[in-house]
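Residue-level listing of the chains:
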Amino acid sequence: MIGGDLVVLYSLGYALFAVCLVAPPTEFVSAGLTVQTVLSSILGSEQMNFVGYHIRRTTATMIVHSLIPLGYYIGNIFISTENEHFVNPVALNILWKIFLAISLLLPFCTAAVAYYWSRNKWQNHPIAKLLHHLAPSGSSWHAIASSINIEFRRFDKFSTGLHGRRLIVTDSWLILTSTYYIHVGHQGDIHLSIVGTEEHQLYHENATEVQFLNITVTSIDQRLKPFRIRLNAVEYSDLKEKLRSPILNARNVVIRQSLSDRFLEAFRYQVSQNEVSQKPNDVELEQCIGCMQTPANVKLQKLCSDPSAGACMQCYCRPMWCLECMSKWFASRQDQSQPETWMSSRSPCPTCRATFCMLDVCRIV
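Rules of the game
- Residues numbered from 1 in each chain as written.
- Predicted model: local features only at pLDDT ≥ 70, side-chain atom pairs only at ≥ 80, totals over all residues.
- Heavy atoms only, no water.
- Helix = DSSP H or I, 4+ residues; strand = E, 2+ residues; numbered from the N terminus.
- Buried < 20%, exposed > 50% of the residue type's maximum accessible area, 1.4 Å probe, protein only.
- Pairing = 2+ DSSP bridges.
- Axes fitted to C-alpha atoms, helices over the stretch in contact; angles between N-to-C directions.
- Left-handed = near helix turned anticlockwise from the far one by under 90°.
- Contact = heavy atoms within 4.5 Å.
- Nonpolar A, V, L, I, M, F, W, Y, C, P; charged D, E, K, R; others polar.
- Core = buried A, V, L, I, M, F, W, Y, C linked by side-chain atoms within 4.5 Å.
- Salt bridge = Lys/Arg side-chain N within 4 Å of Asp/Glu carboxyl O.
- Polar contact = N/O pair within 3.5 Å; in protein donor to acceptor, adjacent residues only side chain to side chain.
- Phe/Tyr/Trp six-rings, centres within 6.5 Å; stacked < 30°, edge-to-face > 60°.
- Lys NZ or Arg CZ within 6 Å of the ring centre and 35° of its normal.

Before going further, it helps to examine unusual backbone geometry. The backbone of Asn120 shows a phi angle near 55°, a positive value even though the residue is not glycine. Within the secondary structure layout, Asn120 lies in helix H8 (residues 94-122). On the basis of relative accessibility, which here comes to 55%, the residue Asn120 falls in the exposed class. Of note, the phi angle at Lys121 is positive, near 60°, even though the residue is not glycine. Following the sequence through the fold, Lys121 ends up in helix H8.

Below, the structure written as structure tokens:
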């Protein structure tokens with residue numbers, strides 16, 4: 001009876017290990033117990049060769065996962081009280097013989113498929129075939145792979161998602177990675193639409209309520225299959241900023257704004273009610289030094305009280321920040337556990353450290 005209980009315990013433990021190997025939880029990822037980490041020396045660098053890395057990763061993952069049934073059988077040799085039967089397959093019953101045959105056949109077939117994929121410099125791999133469909137007439141999939149590799153190395157890409165299933169958006173490409181495949185779409189050839197949401201009252205990462213958006217990505221090329229993105233609603237605005245085309249919301253899904261988005265909206269409204277600052281004709285406004293994308297359009301000028309009274313100070317810096325970057329700076333200097341106090345709080349100037357409040361932020365006209 002003890003031996004039977006041991007086999008049951010082993011079976012449950014191995015099943016749990018197999019599930020964690022196929023879909024690694026955060027604990028497995030932190031401990032480095034993933035195919036990517038264990039085989040990192042073979043897979044190479046994702047940062048330097050994104051496409052090549054994922055071609056090798058998906059192939060290696062498929063081979064490792066195909067060994068799971070055989071690993072369970074080998075474990076039974078040491079665990080089961082009838083281990084002599086597992087050592088001598090002829091003595092096994094018909095079900096175990098079928099299981100052993102499948103366990104041996106699965107890695108063999110997987111290795112054969114992996115060999116076929118690797119021929120002609122991975123030209124037969126599904127990812128290579130996908131990139132071939134994306135290549136212009138007369139060009140090879142290697143040109144598309146090179147473009148993706150170059151853009152992935154840039155620091156301004158948008159990247160989110162859990163281990164093994166990440167969404168990456170570069171200047172030209174939208175990429176969704178998965179366990180055995182990656183989906184790729186050119187930003188000029190895809191349409192995105194929100195098809196639904198998921199509400200979770202308690203999320204495991206931060207123990208707060210969270211909303212996820214289900215977004216379908218459809219290509220104008222009929223050879224490319226549509227795929228679906230699952231995105232945290234707080235990252236929706238960041239995704240929209242990186243995309244060239246708008247995201248269709250035909251079902252009028254209500255999207256919850258992140259705390260920073262709600263604060264930016266309130267900050268923008270308050271600044272619109274403040275006095276404005278006239279730009280001298282001989283002064284040319286430079287790009288915001290925070291984002292380097294928008295011209296500086298706000299100036300700090302003590303307006304909340306008498307110039308010689310109060311906690312705020314007069315700032316003598318020239319305009320160097322845009323409204324959005326100034327709001328992000330203001331929010332970053334507040335107590336993150338008490339967002340209800342942000343509107344009435346103060347912040348040091350990002351350049352000279354003079355204290356200011358929201359009433360001191362003036363639009364430049």
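Moving on: the sheet that holds strand S5 (residues 190-200). Across the sheet, which stays open at both edges, the four strands sit in the order S7-S6-S5-S8 with mixed pairing between neighbours. Each edge of the open sheet carries a strand with a single partner, namely strand S7 (227-232) and strand S8 (247-248). In this structure, strand S6 (residues 210-219) lies alongside S7, joined through six bridges in antiparallel fashion. Each residue of the ladder has a partner; that of Ile215, found in S7, is Ile229.

Let us look at the packing of helix H12 (residues 259-273) against helix H13 (residues 323-332). To describe two helices that pack against each other, one gives the angle between their axes and the distance between the axes. Their axes nearest at 10 Å, the elements H12 and H13 cross at an angle of 115°. The interaxial crossing formed by H12 with H13 has right-handed handedness. In contact with Phe263, Leu264, Phe267, Arg268 and Val271 of H12, H13 contributes Leu323, Glu324, Met326, Ser327, Phe330 and Ala331. In the contact of H12 with H13, the residues fall into eight nonpolar, one polar and two charged.

A few words now on the nonpolar core. Counting residues in each nonpolar core, the largest one holds 23 residues, and the members touching the most others are Phe263, Phe267, Leu300, Met326 and Val361. A total of six residues in this core trace back to one element, the largest contributor, which is H13. Once residues lying within four places of it in the same chain are set aside, the contact partners of Met326 are Phe267, Val298, Leu300, Trp321, Pro350 and Phe356.

Below, the discussion takes up the pattern of salt bridges. Pairs may arise between side chains of opposite charge once their charged atoms sit close together. Applying the stated criterion across every chain, the model contains eight salt bridges. The salt bridge involving Asp156 is made with Lys242; its shortest N-O contact spans 3.5 Å. Of the two residues, Asp156 is situated in the loop between helix H10 (141-152) and strand S1 (158-162) and Lys242 in helix H11 (residues 236-242); the sequence distance between them amounts to 86 residues. Using a relative accessible area of 36% as the deciding quantity, one classes Asp156 as partly exposed. Measuring nitrogen to oxygen at the nearest pair gives 3.3 Å for the salt bridge that ties Glu286 to Arg318. One end of the pair, Glu286, is in the loop between strand S9 (276-277) and strand S10 (298-300); the other, Arg318, is in the loop between S10 and H13, with 32 residues separating them in the sequence.

To continue, consider the environment of Glu198. The topology assignment puts Glu198 in strand S5. Its relative accessible area of 27% is what places Glu198 among the partly exposed residues. When the C-alpha atoms of Glu198 and Gln211 are compared, they prove to be 5.7 Å apart, with 13 residues separating the residues in sequence. In terms of polar contacts, Glu198 uses its side chain to reach the side chain of Arg230, at 3.0 Å.

With that settled, the discussion passes to the sheet that holds S10. Whether parallel or antiparallel, the strands of a sheet pair through hydrogen bonds between backbone atoms. A sheet is described by the order of its strands in space; here three strands give the open sequence S9-S13-S10, paired in mixed fashion. Looking at the sheet topology across the chains shown, the edges are occupied by S9 and S10. The pairing of S9 with strand S13 (residues 361-364) spans two bridges and is parallel. Directly across from Val276, in S13, lies its bridge partner Arg363.

One pass over the structure, following the stated rule, counts 14 aromatic pairs. A ring pair is formed by Tyr14 and Phe17, whose centres lie 6.1 Å apart and whose planes are at 50°; its orientation type is tilted. Note that Tyr14 and Phe17 are positioned in helix H1 (residues 2-22) at a spacing of three residues, about one turn of the helix. A relative accessible area of 16% means that Tyr14 is categorised as buried. On the accessibility criterion, Phe17 (41% relative accessible area) is partly exposed. Where Tyr72 meets Phe99, the ring centres are 5.9 Å apart and the plane angle is 80°; that geometry is what we call edge-to-face. In this pair, Tyr72 sits in helix H6 (residues 68-79) while Phe99 sits in helix H8, placing the two residues 27 residues apart along the sequence. Judged by relative accessible area, Tyr72 falls into the buried class, the value being 17%. Linked through ring pairs, Tyr10, Tyr14, Phe17, Tyr72, Tyr73, Trp96 and Phe99 together constitute an aromatic cluster. Above the ring of Phe152, the side-chain terminus of Lys157 is found at 4.6 Å from the ring centroid.

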